[in-house]
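# Structure assessment
Each chain, letter by letter, is given below.
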Amino acid sequence: MTAPLIELRHIGKSFAAVRALQDVSLTIGRGEIHCLAGENGSGKSTLIKVISGVWQPDQGEILIDGQKISGLDPRAAIAHGVQVIYQDFSLFGNLTVAENLALSTELQAKRKLVSWGRVRRIAEEAKRKLGVELDLDALVETLPTAGKQLVAIARALMSDPRLLIMDEPTTALTGREVEALFRVVRDIQSRGIAVLFVSHKMREMLDISETLTVIRSGTVVAAGPISQFDEGSITRAMTGQEIAAEGYRWDGPAGATPLLDVSGLTIPGQLEDISLRVMPGEIVGISGLLGSGRTELALALFGMQPRYDGQIRIDGKDARLDSVQRAIAHGIAYVPEDRLTEGLFLTQTIDRNMLATSLGRLSRGGVVHGGRAAQEAAGMIQDMAIATPTGDRPVTQLSGGNQQRVVIGRWLLNDPRLLILNGPTVGVDVGSKAGIHRKIRELARERGLGVLMISDDLPELVDNCNRIVVLHRGRVVSDTPTAATSEAMLSEQLGALA
Amino acid sequence: MTAITQRLRRIDTNLLQLLLLTVLIFAGMAAMNPERFLRPYVFESITFIAPELGLLAIAMMVAMLTGGIDLSVIGIANLSCILAGMFFHAVGAPRGPDLVNLPLPMVAAGIGIALATGLIAGAVNGLLITRLRVTPILATIGTGQVFTGICLVLTGGPAVVGFPKLWGQIGNGTAFGIAVPLIVFLVVSALVWFLLTRTAFGINLALIGTNAKAATFAGLRTGRTVFFSYVLTGGLASIAGILLSGRTNAAKSDYGVSYLLQAVLISVLAGTNPAGGRGSVVGIGLALVALMLLSSGLQMMRFSNFLVDLIWGGFLLLSIALAAWRNRVR
Amino acid sequence: MSGLAVALRRHPELMVAAVLVLSVITIGLINPVFWQPSNIFSLLRASVITGILALAVLMVMLSGGIDVSFPAFAIAAMYLTVKAMIAWGFDGVLLPFAMATGIGVLLGLVNAVFVHYLRMIPLIVTLGTGTAVRGFILGVVGTSQINIDQMPPLLIGFARSELFSVTQADGSQAGLSAMVLVYAVIAVLVHLMLRHTMMGRSIYALGGGTEAARRVGFNVRRTTFFIYGLAGALAGFAGLLHGAMIWTANPRDMVGLELDVIAAVVLGGASIFGGRGSVIGTVLGVLTLVVITNSLIILGVDTTWQRVVVGLIVIAATAATAWRDRKRIA
């Protein structure tokens with residue numbers, strides 16, 4: 001029997017006090033499509049970086065073709081045929097497609113001079129290998145995401161890889177583009193190249209992979225041929241949580257004035273005739289594939305898309321949401337998708353992060369009332385159960401879950417009417433996740449807060465929403481009470497749309 | 001007791017380091033050259049010279065707080081006092097040599113002109129940076145040239161000399177036995193300190209500098225806030241200009257050119273993060289004192305001004321190295 | 001998208017070329033003296049030093065930084081070399097230029113160390129090294145100007161050589177300085193390096209994204225050291241050439257020149273965010289700037305306006321690039 005392509009044995013890796021990986025073992029066979037699943041923050045990226053030689057493990061060993069490799073660095077990894085396609089593709093936007101395709105080949109050949117004829121030939125060859133159409137003279141920054149991805153794949157194939165690692169390759173793709181990508185991946189496999197597909201999306205894993213490894217909190221929690229898994233078991237492995245069947249019920253008066261009443265909301269190219277109602281105390285889930293318009297809808301309601309057509313009523317009164325400030329004044333709060341780049345002020349204190357939107361309210365003549373500010377921040381820290389002794393610690397010292405509580409707490413200080421959560425528990429550990437869900441349900445039930453919850457995580461929607469709206473290509477395709485649907489039905493619906 | 005230790009612990013380690021540095025420089029200078037360095041005259045002259053530089057450093061810090069920089073501060077300072085000087089010459093021309101005795105309202109109007117110049121110049125920077133989205137470095141290099149160029153066009157090169165006596169008082173006078181420039185500096189920096197730490201505007205500036213995108217998502221008016229920060233920077237620069245021309249009784253297009261680097265240096269040494277989000281007025285004060293002690297100490301020891309420049313440049317590089325080392329340790 | 005927009009996107013040089021042609025035609029129409037060989041030749045001669053320095057700035061800007069230390073480096077290389085030649089009684093051309101270039105390389109590597117290892121913003125680093133180096137030259141080496149009577153004759157002779165000369169309409173002779181050829185050769189070499197060597201492409205890659213460059217397998221450290229080393233080399237070379245061309249070695253020379261040079265590079269279409277810019281664009285940018293600023297006199301505009309004009313050019317060019325880049329992203 002030949003040795004597997006790559007084998008990790010008992011890998012451990014720590015950063016400062018944080019254990020990113022612990023006793024992780026993983027085997028990838030030749031020409032195998034292997035799926036590495038795990039939620040954000042589970043240690044997936046660290047593992048990729050260990051395999052590609054970016055980081056050296058603290059414990060354990062790496063074997064390639066049965067040979068133990070010590071001190072694997074990026075160059076050595078590439079020489080052994082490991083190629084990584086990062087989520088950001090690592091392309092050079094300021095250079096042409098042809099040059100992007102040829103650069104790494106030229107580098108590996110240790111060339112000192114560039115012959116543009118050769119660059120052209122290499123690029124043509126790369127294009128032929130992948131069998132797709134690409135404008136070689138276009139600047140990469142002018143390409144759409146799917147085009148950039150093809151360039152990244154074509155570039156990786158040029159170095160005759162034996163293992164292609166793809167980090168969340170479908171994140172920014174539409175359903176059709178995902179299908180096209182899968183065709184490319186299968187084609188790559190047919191040439192004997194192994195693919196490590198890193199993802200947290202159920203459907204894709206089941207569709208494309210042969211073997212699955214699930215990691216959670218830096219350890220392998222499940223592994224085996226894909227036939228041994230179904231969506232439920234993968235979810236349980238990833239979240240470490242039985243799906244609670246309690247659900248959220250809303251039985252407010254149907255005739256009451258809706259908190260939010262959107263009709264005919266249209267933004268050309270993004271949203272098409274969206275109509276949507278949220279009653280006080282309702283938690284409405286928004287589902288849909290990427291590019292379905294769900295983030296665009298959230299941004300429009302938050303005043304970040306000033307040029308929209310259609311009508312938005314809040315508490316029965318017309319509202320023109322043409323700036324973030326106006327949306328906030330109408331009681332709309334938005335917890336963005338990417339906590340680190342859009343939500344937090346990382347080097348600032350917890351207090352300042354918490355008070356960011358309340359400073360205007362807490363000041364008179366521009367001067368912030370220090371005592372009241374401190375009091376409110378401290379109150380919210382307690383309210384949201386944020387694990388910190390005081391609010392003057394930097395927010396970076398908190399875990400992902402606690403950081404998310406800070407961002408949610410920031411809005412609660414503003415006494416919002418409608419809370420829009422985009423991926424409320426992305427990158428949040430299991431325990432904290434349940435706590436955040438509990439808090440959201442409590443706010444809706446007790447304070448009559450309306451909630452719009454956008455999520456990729458279907459169990460999250462099914463468990464916490466009383467109604468789920470599915471968007472596709474900027475339109476509402478269904479609006480169903482949760483009681484009348486299930487995770488499986490939703491998943492099927494989304495699959496059919498893809 | 002515990003309250004005090006807690007309070008002490010909360011003080012930025014950076015400030016403690018600065019304090020230590022200041023004490024070390026003082027002690028070093030005093031030990032090397034006690035009879036010349038430990039004279040009241042030395043400290044008195046610092047209280048007249050340091051304020052203008054301190055104000056420019058605060059201006060620089062305010063710009064850096066949002067991740068920008070203002071390389072036009074010197075141009076703004078000079079333009080402000082040249083315009084004021086030309087105003088005095090225009091209204092004082094009939095008086096002939098009696099120009100020095102221009103009455104208070106006229107001098108106040110001159111101050112108003114200088115301040116307005118600074119605010120408008122700052123607004124030009126702010127518009128370029130927030131509306132046209134020009135990078136602060138290039139925008140302020142460009143406007144700095146334009147402001148200095150206007151100075152040249154207005155004066156034709158030579159200095160505007162002869163300011164009213166009252167104007168001179170701002171740069172040279174004393175009140176209650178304290179140098180007027182120092183009083184101006186203390187008052188202005190206290191105001192800026194209050195603005196940055198106790199008002200929504202100031203805290204918003206730090207938040208925007210930390211993460212502009214998150215600031216937008218938190219509902220802050222980022223464009224408007226950044227715009228006003230450059231207006232403030234311009235205003236501070238014009239006050240520095242007033243002090244400078246008051247002290248020298250002259251205004252010229254190329255005065256204070258070496259102040260640009262020194263202002264950046266003090267700002268960086270004071271712990272301001274040029275990438276945005278961190279900066280403190282107290283830090284600027286300490287860094288200013290440390291460097292003024294250093295340079296006047298060196299001058300006592302007959303070091304030429306150029307050597308002092310060399311040491312200042314070296315200090316800037318050293319403080320970069322220190323900051324890098326601190327980050328690595330953390 | 002229109003054909004013009006595509007052409008501009010792929011060849012940003014067209015923009016500056018159009019500006020140049022337009023200004024040349026306008027100036028020539030207003031005052032035909034512009035077209036006299038002596039004027040054309042002197043414009044070309046005037047663009048040599050700015051042009052070589054602009055290539056140095058281009059390198060740094062391509063990688064996403066900005067350099068303000070090069071005038072100090074140029075002066076240091078020039079002054080030290082000339083001083084050494086006088087002290088050792090040596091006269092010649094090749095060896096002195098090698099020495100000046102070598103001094104530039106060493107100083108440039110200091111910048112590289114700070115930028116690469118200490119991860120500091122290049123503007124602040126080069127502000128510090130520039131001031132320190134100038135302080136060193138003036139404070140330690142000397143402040144006196146070396147005039148023509150002391151300058152090494154061979155060096156001056158070299159800089160005086162002409163490619164050819166023509167007889168003008170009024171019978172006077174107008175010669176084209178051979179230094180224009182030196183500049184052209186350097187520009188072609190830098191162009192070839194940027195366009196046809198892996199090192200050149202790695203500079204563009206670095207400007208496109210440091211992390212991406214590292215992942216693809218570029219040696220980021222080597223590229224950074226190369227960039228700043230070469231920028232220093234060009235500065236050192238240009239410094240000595242400048243001294244030779246004006247027959248004096250003045251340690252206080254070139255103050256403020258960085259602004260003109262940066263203006264020219266930005267005008268040539270380079271982006272301060274890195275990855276965009278070319279030698280052709282930079283050469284055209286330098287020519288445009290030199291033509292406009294040097295034609296003020298024959299246009300009947302007072303030379304005091306020069307700075308205002310340069311400043312406005314910087315602002316217009318950066319606003320245009322900011323607009324272009326925003327369109328690109330949109």
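Chain C has the name ABC transporter permease in an unreviewed UniProt entry, where Teichococcus aerophilus is given as its organism. You can read under Subcellular location (unreviewed entry) in the UniProt record for chain C the words "Cell membrane".

An unreviewed UniProt entry lists chain B under the name ABC transporter permease, with Teichococcus aerophilus given as the organism. Its UniProt record, at the heading Subcellular location (unreviewed entry), says of chain B: "Cell membrane".

## So, the overall build of chain C
For chain C, the count of helices and strands is 14 helices and 2 strands. Considering only C-alpha atoms, chain C reaches an extent of 60 × 50 × 35 Å along its principal axes. Counting all 330 residues of chain C, 58% fall into the buried class. In the structure as shown, chain C presents an accessible area of about 13,000 Å², 68% of it carried by carbon and sulfur atoms. Positive and negative side-chain charges in chain C, numbering 20 and 12 respectively, have mean positions lying 16 Å apart.

## Thoughts on the packing of helix 9 (residues 180–198) of chain B against helix 12 (residues 222–248) of chain B
Residue and element names in this part refer to chain B. Following both chains from N to C, one finds helix 9 and helix 12 inclined at 170°, their axes separated by 11 Å at the closest point. One element, helix 9, and the other, helix 12, form an angle in the roughly antiparallel class. Two secondary-structure elements touch here, helix 9 through Pro 181, Val 184, Val 188, Val 192 and Leu 195 and helix 12 through Leu 232, Leu 236, Ile 239 and Leu 243. Within the contact of helix 9 with helix 12, the residues separate by chemical class into 9 nonpolar, no polar and no charged.

## Quick word on the sheet that holds strand 11 (residues 260–267) of chain A
Residue and element names in this part refer to chain A. Taking strand neighbours across the sheet as the criterion, the 4 strands line up as 12-11-14-15 in an open arrangement whose pairing is antiparallel. Both outer strands of the open sheet, strand 12 (271–278) and strand 15 (317–318), are each paired with one neighbouring strand and no more. With 5 bridges joining them, strand 11 and strand 14 (residues 309–314) adopt antiparallel strand pairing. By the bridge assignment for strand 14, Val 262 is matched with Ile 312.

## Some thoughts on the interface of chain A and chain B
At the junction of the two partners, chain A supplies 28 residues and chain B supplies 22 residues. In total, chain A and chain B occlude about 1,900 Å² of area from one another, counting both sides; carbon and sulfur atoms represent 63% of this. Together, A:Gln325, A:Phe345 and A:Arg352 form the three largest contributors to the area buried by chain A at its contact with chain B, with a combined 29%. One salt bridge connects B:Lys213 with A:Glu342, and the closest N-O pair in it is separated by 3.9 Å. Remark: the boundary between chain A and chain B carries 8 residue pairs in polar contact (both at pLDDT 80 or more).

## Overview of the nonpolar core
The nonpolar side chains of soluble globular proteins are, as a tendency, buried together. Counting residues in each nonpolar core, the largest one holds 349 residues, and the members touching the most others are C:Leu53, C:Leu194 and C:Leu241. Setting aside its immediate chain neighbours within four residues, C:Leu53 contacts C:Phe70, C:Ala74, C:Ala235, C:Ala238, C:Met254, C:Leu257 and C:Val261. Of all hydrophobic cores here, the second largest spans 27 residues; its members include A:Leu8, A:Ala77, A:Val84 and A:Leu163.

## Notes on a positive patch on the surface
Together, A:Arg75, A:Lys110, A:Lys112 and C:Arg222 give the surface a local cluster of positive charge. Tracing the sequence through the fold places C:Arg222 in helix 11 (residues 220–246).

## Quick notes on the state of the cysteines
Across all of its chains, the model carries 0 disulfides over all chains by this definition. B:Cys81 takes part in no disulfide bond, and the closest cysteine sulfur, belonging to B:Cys151, lies 7.7 Å away.

## Digging into the sheet that holds strand 7 (residues 163–167) of chain A
Residues and elements named next belong to chain A. Across the sheet, which stays open at both edges, the 6 strands sit in the order 6-7-8-3-9-10 with mixed pairing between neighbours. Of all strands in the sheet, those bounded by a partner on one side alone are strand 6 (82–85) and strand 10 (219–225). If you compare each strand with its neighbour and ignore which way they point, the axes differ by 15° on average. The pairing of strand 7 with strand 8 (residues 194–199) spans 5 bridges and is classified as parallel.

## Details of the pattern of salt bridges
Residue and element names in this part refer to chain A. Counted under the stated rule, the structure contains 34 salt bridges over all chains. The salt bridge involving Arg 313 is made with Asp 318; its shortest N-O contact spans 3.8 Å. Via salt bridges that share partners, Arg 120, Glu 124, Lys 127, Glu 133 and Asp 137 belong to a single interconnected network.

## Examining the packing of aromatic side chains
Counted according to the given criterion, the structure contains 16 aromatic pairs over all chains. A centroid spacing of 5.7 Å and a plane angle of 70° characterise the contact between A:Phe182 and A:Phe197, whose relative ring orientation is edge-to-face. Of the two residues, A:Phe182 sits in helix 6 (residues 175–190) while A:Phe197 sits in strand 8, which places them 15 residues apart along the sequence. Exposure class is identical for A:Phe182 and A:Phe197. Each is buried. Ring centres of B:Phe227 and B:Phe228 lie 5.2 Å apart, and the angle between their planes is 70°; this geometry places the pair in the edge-to-face category. Judged by its relative accessible area of 19%, B:Phe227 is buried. Classification of B:Phe228 by relative accessible area gives partly exposed; the value is 41%.

## Considerations on helix 7 (residues 153–160) of chain C
All names here are of chain C. Listed in full, the buried residues belonging to helix 7 are Leu 155, Ile 156 and Ala 159. All buried residues of helix 7 fall inside an arc of 95° around its axis, so they share one side. Opposite the buried face of helix 7, at more than 90 degrees from it, the exposed residues are Pro 153 and Arg 160. Among the structural elements, helix 4 (70–88), helix 5 (94–117), strand 2 (173–177), helix 8 (179–196) and helix 11 are those in contact with the buried residues of helix 7.

## Let's talk about the side chain of A:Glu32
Residues and elements named next belong to chain A. Relative to the helices and strands, Glu 32 resides in the loop between strand 2 (18–28) and strand 3 (33–37). Of the side chains bearing the opposite charge, Arg 30 lies closest to the buried Glu 32, which forms no salt bridge; the N-O distance is 11 Å. Side-chain polar atoms of Glu 32 contact the side chain of Thr 211, separated by 3.1 Å. Each residue touching Glu 32, except ones within four places of it in the same chain, is listed here: Thr 27, Gln 189, Ala 194, Val 195, Glu 210 and Thr 211.

## Details of the environment of B:Ser245
All names here are of chain B. Inspection of the secondary structure puts Ser 245 in helix 12. Judged by relative accessible area, which is 0%, Ser 245 ranks as buried. For the pair Ser 245 and Glu 52, spaced 193 residues apart in sequence, the C-alpha separation works out to 9.8 Å. Here the side chain of Ser 245 touches Ile 242 through a polar contact of 3.3 Å, landing on its backbone oxygen.

The rules behind the values
- Residues numbered from 1 in each chain as written.
- Chains lettered and ligands numbered in written order.
- Predicted model: local features only at pLDDT ≥ 70, side-chain atom pairs only at ≥ 80, totals over all residues.
- Heavy atoms only, no water.
- UniProt positions renumbered as here; feature names shortened; annotations may be inferred.
- Helix = DSSP H or I, 4+ residues; strand = E, 2+ residues; numbered from the N terminus.
- Buried < 20%, exposed > 50% of the residue type's maximum accessible area, 1.4 Å probe, protein only.
- Areas by Shrake-Rupley, 256 points an atom, 1.4 Å probe, with all protein chains shown as cover.
- Lys, Arg positive; Asp, Glu negative; His and termini not counted.
- Charge placed at Lys NZ, Arg CZ, Asp CG, Glu CD.
- Axes fitted to C-alpha atoms, helices over the stretch in contact; angles between N-to-C directions.
- Parallel < 35°, antiparallel > 145°, perpendicular 65-115°, else oblique.
- Contact = heavy atoms within 4.5 Å.
- Nonpolar A, V, L, I, M, F, W, Y, C, P; charged D, E, K, R; others polar.
- Pairing = 2+ DSSP bridges.
- Buried area = accessible area lost by both parts, 1.4 Å probe.
- Salt bridge = Lys/Arg side-chain N within 4 Å of Asp/Glu carboxyl O.
- Polar contact = N/O pair within 3.5 Å; in protein donor to acceptor, adjacent residues only side chain to side chain.
- Core = buried A, V, L, I, M, F, W, Y, C linked by side-chain atoms within 4.5 Å.
- Patch = residues over 30% accessible without salt bridge, like charges linked within 9 Å, V, L, I, M, F, W, Y side chains within 5 Å.
- Disulfide = S-S within 2.5 Å.
- Phe/Tyr/Trp six-rings, centres within 6.5 Å; stacked < 30°, edge-to-face > 60°.
- Arc of directions from axis to C-beta.

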